[in-house]
Amino acid sequence: MFSAHKAWKAAAFGVHGHLNFTKQGFTEHAKRFKEEDMKMRLDGKNCVVTGANSGIGYAAAEALAFRGGNVFMVCRNKERGEIAVSKVQSVTGNQNVYLELCDLSSISCIKLWASNFISRERPIHILVNNAGLLEKNRITTSEGLELNFAVNVAGTFSMTELMMPLLEKAAPDARVITVSSDGMYTAPLTEDLQFSERNFDGDVQYARTKRVQVALTERWAELYSESKGIEFYSMHPGWAMTPGVLKGLPELCESMSWMLRTSEEGADTIVWLALQPKEKLEPGAFYFDRAKAPKHLPFAGNSTSSHSIINSIADSFYSLCHLSGTK
């Protein structure tokens, strides 16, 4: 009975995804897009984009630079990062694009980078938490964290909390955009963040970490939108062909390459969220293709996640990430 229910949910999700998350879905949804929404400028605004050397992160960084933003591309690899920065500068004509080296799987590296960045006293108007990972095998970082969790959750949490002073400097014109995944629809919120179950499943762990990102965004909005004047949004890009997806889901890319979105189409809603007046957006909401999206799909059976769970998880993060001074 359980297996049949699980199979039915997977099939329902697949049908929903084919109708909405593909290139065809983007084309259909784009019919309601408003051209004027993307004409706003970002001159003088500081934008930080993580995981920016390729894929959706690169596309978002390029779009923000094209609109005049000062863009800080946070990358792990120096060589690939330098190539990406040079390309953005060349394509956009914007020379205010900078490489920031940081390994988002390492909390100590994030703290070291953040300390250096904060010392420059630049307000952050837009923080895009894009860096993400789907690792099929169980890998533990030097800090003792399961790798998917380390990048997708601990890295996102640490980056956001440590950047809070600079986001406050830009308030009320500051926002944090976290890139989740449609995969989160398949996973409930769980306190088993390190996936302690015997049979590790990288796909399931990835979905769980992406669910946590959406829940954290909601919590941050409740805590900080009114008190600090910082807006928080999460989004998912649909099914896009990116280097990360190609590495993590090679079979999917091979069988569905003709229906996958481009990185630019995947990044479209990130840019849209960065440009809209905050009065048009809902703090803590989840967005897809320039519209508010449900955080749970009717067939998924995952709508029982509670505030108590995410509050417990978030509170434990301060200790885990050694960020007690920012709470």
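The sections below set out a description of the structure shown in this document. (Residues numbered from 1 in each chain as written. Predicted model: local features only at pLDDT ≥ 70, side-chain atom pairs only at ≥ 80, totals over all residues. Heavy atoms only, no water.)

The contact between helix α3 (residues 55-66) and helix α11 (residues 263-275) brings their axes to 8 Å, and the two run at 50°. In terms of orientation, α3 and α11 fall into the oblique class. The two elements α3 and α11 meet at a crossing, and its hand is right-handed. Residues Gly55, Ile56, Ala59, Ala60, Ala63 and Leu64 of α3 pack against Ser263, Glu264, Gly266, Ala267, Ile270, Val271 and Ala274 of α11. (Axes fitted to C-alpha atoms, helices over the stretch in contact; angles between N-to-C directions. Helix = DSSP H or I, 4+ residues; strand = E, 2+ residues; numbered from the N terminus. Parallel < 35°, antiparallel > 145°, perpendicular 65-115°, else oblique. Left-handed = near helix turned anticlockwise from the far one by under 90°. Contact = heavy atoms within 4.5 Å.)

The next point concerns the packing of aromatic side chains. Enumeration according to the criterion identifies 14 aromatic pairs in this entry. With centroids separated by 5.3 Å and ring planes inclined at 85°, the aromatic side chains of Phe21 and Phe288 adopt a geometry described as edge-to-face. Placement of Phe21 in the loop between α1 (2-20) and α2 (23-29) and of Phe288 in strand β7 (residues 286-288) is noted, with a sequence separation of 267 residues between them. With a centroid separation of 5.1 Å and an interplanar angle of 25°, the aromatic rings of Phe72 and Tyr98 are classed as stacked. Residue Phe72 is found in strand β2 (residues 70-75), and its partner Tyr98 is found in strand β3 (residues 97-101); the two are separated by 26 residues along the sequence. Aromatic rings pair up to connect Phe21, Tyr185, Trp239, Phe286 and Phe288 into one cluster. (Phe/Tyr/Trp six-rings, centres within 6.5 Å; stacked < 30°, edge-to-face > 60°.)

Time to look at the sheet that holds strand β5 (residues 174-179). Strand order in the open sheet formed by eight strands is β3-β2-β1-β4-β5-β6-β7-β8, with mixed pairing between adjacent strands. Single-partner strands in this sheet number two, and they are β3 and β8 (291-293). Strand after strand, the sheet turns through a mean of 25° between neighbouring axes, direction not considered. Contacts from helix α6 (residues 147-162) reach β1 (46-50), β4 (126-129), β5 and β6 (230-235) within the one sheet, and its direction differs from that of β4 by about 170°. Along the sheet, helix α8 (residues 202-228) makes contact with β5, β6 and β7, crossing β6 at roughly 160°. (Pairing = 2+ DSSP bridges.)

Along the chain, Ala171 connects to Pro172 via a cis peptide bond; the corresponding omega equals 5°. Following the sequence through the fold, Pro172 ends up in the loop between α7 (164-170) and β5. Of note in the backbone geometry, Asp289 takes a positive phi value of approximately 50° without being a glycine. With respect to the helices and strands, Asp289 occurs in the loop between β7 and β8. The exposure class of Asp289 is buried, given its relative accessible area of 2%. The residue Arg290 is not glycine, and still its phi comes out positive at about 60°. Here Arg290 shows up in the loop between β7 and β8. In this structure Arg290 comes out as buried when scored by relative accessible area, which is 13%. (Buried < 20%, exposed > 50% of the residue type's maximum accessible area, 1.4 Å probe, protein only.)

Counting residues in hydrophobic clusters, the biggest one holds 45 residues, and the most contacted among them are Trp113, Met163, Leu167, Leu216 and Phe317. Of all the secondary structure elements, the ones that give two or more residues to this core are β2, α5 (107-119), α6, α7, β5, α8, β6 and α12 (307-320). The greatest single-element share of this core, amounting to seven residues, is contributed by α6. Setting aside chain neighbours within four positions, we find Met163 in contact with Trp113, Ala114, Phe117, Ile118, Ile124 and Leu127. With 37 residues, the next largest nonpolar core counts Ala61, Ala63, Val85 and Ala240 among its residues. (Core = buried A, V, L, I, M, F, W, Y, C linked by side-chain atoms within 4.5 Å.)

What is shown is where atoms sit, not what they do.
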